[in-house]
Amino acid sequence: MTDTNSFLSKISDEKPVRLFLPVIDSDDRILLHCVFKRQQGDHFRLLFKRGTLPQERVDLDTSCLVNLDVGGKSVSIEGKVDGIIDKQTLEIQAVKIISHDQMREHFRVDCTVPILLRSVIPEEFGSEKDNWTIPGTTVDLSGSGLRASFTEAPPEDTQVRLEIALPTTETTIVKTLASPVRISQLTEKLWDAAYHFDEIEDEDQDAIIGCCLVAQRRLLRLKVQVKGR
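Residues numbered from 1 in each chain as written. Predicted model: local features only at pLDDT ≥ 70, side-chain atom pairs only at ≥ 80, totals over all residues. Heavy atoms only, no water.

S.K.: I'd love a proper account of the sheet that holds strand β2 (residues 29-38), names of residues and values included.
M.R.: Taken in spatial order, the 6 strands close into a barrel running β1-β2-β3-β6-β5-β4, and their pairing is antiparallel. Between one strand axis and the next, the sheet turns through 45 degrees on average, direction left out of account. (Pairing = 2+ DSSP bridges. Helix = DSSP H or I, 4+ residues; strand = E, 2+ residues; numbered from the N terminus. Axes fitted to C-alpha atoms, helices over the stretch in contact; angles between N-to-C directions.)

S.K.: Go over the environment of Thr-137, please, and point to the residues and values.
M.R.: Along the chain, Thr-137 turns up in strand β9 (residues 133-141). Along the primary structure Thr-137 and Ile-115 are separated by 22 residues, whereas in three dimensions their C-alpha atoms are 5.7 Å apart. Contact partners of Thr-137, with chain neighbours within four places excluded, come to Thr-112, Val-113, Ile-115, Ala-148 and Ser-149. (Contact = heavy atoms within 4.5 Å.)

S.K.: Lay out the pairing of β2 with the relevant residues and their values.
M.R.: With 8 bridges connecting them, strand β1 (residues 15-22) and β2 associate as antiparallel partners. Bridging from a neighbouring strand, Val-17 pairs with Cys-34 of β2. Counting the residues between successive antiparallel strands, the hairpin from β1 to β2 contains 6 residues, one of them, Asp-25, with a positive phi of roughly 60 degrees. For β2 and strand β3 (residues 43-47), the ladder comprises 4 bridges, and the chain directions are antiparallel. Note that in β3 the partner of Val-35 across the bridge is Leu-47. With antiparallel pairing between neighbouring strands as the criterion, β2 and β3 make up a hairpin whose turn holds 4 residues, including Gly-41 at a positive phi of roughly 60 degrees.

S.K.: Tell me about a negative patch on the surface, residues and numbers included.
M.R.: A cluster of acidic residues, Asp-198, Glu-199, Glu-201, Asp-202 and Glu-203, forms a negative patch at the surface. Residue assignment for the negative patch shows that the elements contributing at least two residues are β13 (190-199) and α3 (202-227). Structurally, Glu-203 is set in helix α3. Accessibility expressed as a relative area gives 55% for Glu-203, which makes it exposed. (Patch = residues over 30% accessible without salt bridge, like charges linked within 9 Å, V, L, I, M, F, W, Y side chains within 5 Å. Areas by Shrake-Rupley, 256 points an atom, 1.4 Å probe, with all protein chains shown as cover. Salt bridge = Lys/Arg side-chain N within 4 Å of Asp/Glu carboxyl O. Lys, Arg positive; Asp, Glu negative; His and termini not counted. Charge placed at Lys NZ, Arg CZ, Asp CG, Glu CD. Buried < 20%, exposed > 50% of the residue type's maximum accessible area, 1.4 Å probe, protein only.)

Now the structure itself:
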């Protein structure tokens, strides 16, 4: 039994999971909540509520991503849609298992969006010097952290409240607690900083991963277009 098969065999039937589904003629991936159903070998099925699966729009040529919690840790299955069984069921073939740490690199993409750093001390409790905000712009983004540029120095060795404006149809503001991994001054008025998310809601992390998948797909499409010139 392969590692993939072994992992799938340990997932309980009817476990709620989250699916990032690629759709035809769009870079966007739709986030759908569904239920896992074991099959033989490296195959499994996803069951949906009636009316939630866009059956006619499923992109069968692009891999999908299934995210689930295993033992308190976020794990993802990269897979291929092997068949549309009916209006409520997809057949998926697992390609590989991606751990939370692997996802940090696997879905780290070049992505430029505005962010804000804020003090972790609530405004009503802090002094005037504690009520600061520092705007910045991401250089790259992943489900567990980001790298960004700032025109003023971010605080070193200090946890911050971090707000990210994701470029969804309606702008989504994701809020997280984050700690600096490294901060470097590049020029007199430019700083480069990497942050790791310490605390983030599942829905917010899903939104970031979805944004990364869209950006990754656009980059892959651009590479194909450049090679085809």
